[in-house]
Amino acid sequence: MRTVSLALCLPCMLLLPFASAATSLHDGWSWLKNDVSQTAQSPQRTDIYLPLISWHARFAYDKDKTDNYNETPWGGGFGVSRYDDDGNWSALYAMAFKDSHNEWQPIIGYGWEKGWYLDEQRDFRLGLGLTAGITARDDFANYVPLPIVLPLFSAGYKRVNLQFTYIPGTHNNGNVLFAWLRYGF
């Protein structure tokens, strides 16, 4: 139990440096609550999500496992998002897709990325951040809600973004690169 608590607390603490130059936990928590509230109340875009791939890292799996896993996560989702003046992205989203065992996996969450524009027109953007949310899986206690905190990476052009996360794990478990397309309108 102590390992599980530590595994959940450490990624949450990593969110604070990305969030702001907060000097205290209270300041970081206040920033996060404000960002979530502002994103929910004043979104700039409505986003649609299209899952593309869930690639199981071959170095971490036995071949017989990967041969039987679904790596085409059919599904979709929607969300709301906004960008601040620095190009940082905040979002609230919900998505459902077919997991590795071809069972439905829902997720709802909050995402934040530090953004870097690659051109003066601000058309090309790279992002790095975190997502925190709740998911559920058929193979994890028959859909008991499971909190997650995962890294986010993205590359985008105007309103189209390719986003990725990596689900860490152990031998034959986790170690999945999950990617989706996000379009904002």
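Residues numbered from 1 in each chain as written. Predicted model: local features only at pLDDT ≥ 70, side-chain atom pairs only at ≥ 80, totals over all residues. Heavy atoms only, no water.

The name an unreviewed UniProt entry assigns to the protein chain is Lipid A acyltransferase PagP, from the organism Pantoea latae. What UniProt states about the protein chain under its Sequence similarities (unreviewed entry) heading is, verbatim, "Belongs to the lipid A palmitoyltransferase family." (UniProt positions renumbered as here; feature names shortened; annotations may be inferred.)

A. How the structure looks around the nonpolar core. In terms of nonpolar packing, the biggest core is built from 13 residues, with Tyr49, Trp89, Met95, Phe97, Ile107, Phe178 and Trp180 touching the most fellow members. Elements supplying a minimum of two residues to this core: strand E3 (89-98), strand E6 (146-157) and strand E8 (176-184). In terms of residues, this core owes the most to one element, E3, which gives five residues. Excluding its chain neighbours within four sequence positions, the residues that come into contact with Ile107 are Tyr93, Ala94, Met95, Phe97, Ile134, Thr135 and Ile148. (Core = buried A, V, L, I, M, F, W, Y, C linked by side-chain atoms within 4.5 Å. Buried < 20%, exposed > 50% of the residue type's maximum accessible area, 1.4 Å probe, protein only. Helix = DSSP H or I, 4+ residues; strand = E, 2+ residues; numbered from the N terminus. Contact = heavy atoms within 4.5 Å.)

B. Geometry of the sheet that holds strand E2 (residues 75-83). If you walk around this closed barrel you meet the eight strands as E1-E2-E3-E4-E5-E6-E7-E8, and the pairing is antiparallel. With direction set aside, neighbouring strand axes in the sheet form an average angle of 25°. Pairing between E2 and E3: nine bridges, direction antiparallel. Note that in E3 the partner of Arg82 across the bridge is Ser90. (Pairing = 2+ DSSP bridges. Axes fitted to C-alpha atoms, helices over the stretch in contact; angles between N-to-C directions.)

C. Local environment of the UniProt feature "active site" (unreviewed entry) in the protein chain. Mapped onto this numbering, the UniProt entry annotates "active site" (unreviewed entry) at His56, Asp99 and Ser100. On the basis of their most widely separated C-alpha atoms, the annotated residues across 45 residues gather in one place, lying no more than 11.3 Å apart. Secondary-structure assignment places Asp99 in the loop between E3 and strand E4 (104-117). The exposure class assigned to Asp99 is buried, which follows from its relative accessible area of 3%. Among residues more than four places away in sequence, those in contact with Asp99 are Asn70, Gln105 and Arg137. When near neighbours in sequence (up to four residues on either side) are disregarded, Ser100 contacts His56, Asn68, Tyr69 and Asn70. Here the side chain of Ser100 touches His56 through a polar contact of 2.6 Å, side chain to side chain. (Polar contact = N/O pair within 3.5 Å; in protein donor to acceptor, adjacent residues only side chain to side chain.)

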